[in-house]
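# Reading the structure
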Amino acid sequence: MLCLGIESTAHSFGIGIVDEKCNVLANVTDMYKPPEGWGIHPTEAAKHHDEVRQDAIAAALEEAGKSMDDIGLVAFSQGPGLAPCLHKGLNTAKELSDSGSIPMIGVNHCIAHIEIGRKTTSLKDPITLYTSGANTQVLGFVSGRYRCFGETMDIGIGNALDKFGRGVGMGFPAGPRIEQIAKKGKYVELPYVVKGMDLSFSGIVTAALNKLKREKLEDVCFSLQETTFAMLTEVTERALAHTCKDEVLLTGGVAANKKLQDMLGVMCKERGAGFAAVERSLSSDNGAMIAWLGMLMHKAGNSTHDEVLPRQRTDEVDVNWI
Ligand code: ATP
Ligand code: FE2
């Protein structure tokens, strides 16, 4: 059986096709890019998704060498995410499901990030550090659900990097650009904000922008990464210690960052824990991860309502497929 997955939680509209062994037959993503200096406007992103969705479906089917007749299940991102964008994904799933009499299933976007990571790395029961634009969470499987051990109290780490980038006139997304510039930098002090197991980034961005009055851009970029990634590493390490787990999975768009990978890698090595970062095409928002979680949930006998859940929390979902 093949599953076609639809990702539409925020700026990316993705269509992925996977088989029962999680071979990725196609993974097509079309990203809405806001005008220079602007953040994502939900209805503009949704308009983008509407415009590209038919082409994305056609491109994915072509990449896989399949037609809709070969698809046995349609999965869509049910939440969390921006409501207008989620509705585009739901409507697309409904159309495909109705026209081909194919079952459909809604999946949690954050859990999809974890499951594609568990499947494509050697890690079995990791603490997951999920670092993307809108999300920053430390997650782990305990007593039948993915529990959230720590998370951002304001903006996600990716949005924090992008906000800093906007302030200095970098294009979107700023994360990769900051990573390059930081290579030449040295440390200057920035606030370090961990409260219990939770993190806060927005004050650090303001402090970093203020620092630019006196310090060089490369030094501020270096320190922004150093400080925020140390905060992420600290909370992840404490989650490992609390749960007695011995693996860390890094995922989300910011997982592409080598500095973050290195810092987590060193921490894990010192504790004798395994570490892996999800491969880039599967770590940022994509349809294949939605398809794979849909496959797992469907096979475990789950069904869902045709609705979007913009505020759905990771630990609301009963995990009966593990
Ligand atoms: P979600 O809906 O899960 O919050 P998202 O819509 O923000 O995800 P992703 O593709 O998962 O999308 O992540 C995008 C983020 O990743 C952006 O904020 C971008 O700046 C950041 N990013 C991408 N590459 C790097 C990098 N090399 N270093 C740091 N950040 C990066
Ligand atoms: Fe995501």
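These remarks concern the structure in this document. (Residues numbered from 1 in each chain as written. Chains lettered and ligands numbered in written order. Predicted model: local features only at pLDDT ≥ 70, side-chain atom pairs only at ≥ 80, totals over all residues. Heavy atoms only, no water.)

Before going further, it helps to examine the packing of helix α4 (residues 157–167) against helix α6 (residues 202–211). It is at 9 Å that the axes of α4 and α6 come closest, and there the two elements cross at 25°. Viewed along their axes, α4 and α6 adopt a mutual orientation that is roughly parallel. Considering how the two elements wind past one another, α4 and α6 form a crossing that is right-handed. Only S202, V205, A208 and L209 of α6 make contact with α4, whose side of the interface consists of A160, K163, F164 and G167. Here the residues of the contact of α4 with α6 sort into five nonpolar, two polar and one charged. (Axes fitted to C-alpha atoms, helices over the stretch in contact; angles between N-to-C directions. Helix = DSSP H or I, 4+ residues; strand = E, 2+ residues; numbered from the N terminus. Parallel < 35°, antiparallel > 145°, perpendicular 65-115°, else oblique. Left-handed = near helix turned anticlockwise from the far one by under 90°. Contact = heavy atoms within 4.5 Å. Nonpolar A, V, L, I, M, F, W, Y, C, P; charged D, E, K, R; others polar.)

Okay, the coordination of the iron ion (ligand 2) next. Taken together, H109 (NE2), H113 (NE2), Y130 (OH) and D285 (OD) make up the protein donors of the iron ion (ligand 2), found 2.1 to 2.6 Å from the metal. Going along the chain, you hit the donors of the iron ion (ligand 2) in the pattern H-x3-H-x16-Y-x154-D. On the criterion of sequence distance, the pair formed by H109 in helix α3 (residues 109–120) and Y130 in strand β6 (residues 127–131) is long-range, its members being 21 residues apart. Classification of H109 as buried rests on a relative accessible area of 1%. (Donors = N, O, S within 2.8 Å, 3.2 Å for Na, K, Ca; no water. Buried < 20%, exposed > 50% of the residue type's maximum accessible area, 1.4 Å probe, protein only.)

With that settled, the discussion passes to empty space enclosed by the protein. Under the definition given, this model contains one cavity of 30 Å³ or more. Of the pockets and cavities examined, the largest cavity occupies roughly 60 Å³. Lining the largest cavity are ten residues, with D162, R166, M170, G171 and F172 sitting closest to its centre. Across the lining of the largest cavity, the residue classes tally to five nonpolar, three polar and two charged. (1 Å grid on protein atoms, 1.4 Å probe; cavity = no way out; pocket = protein on both sides within 12 Å on 5 of 7 lines; lining within 4 Å. Points joined across faces, edges and corners; volume = space filled by probe spheres on them.)

What is shown is where atoms sit, not what they do.
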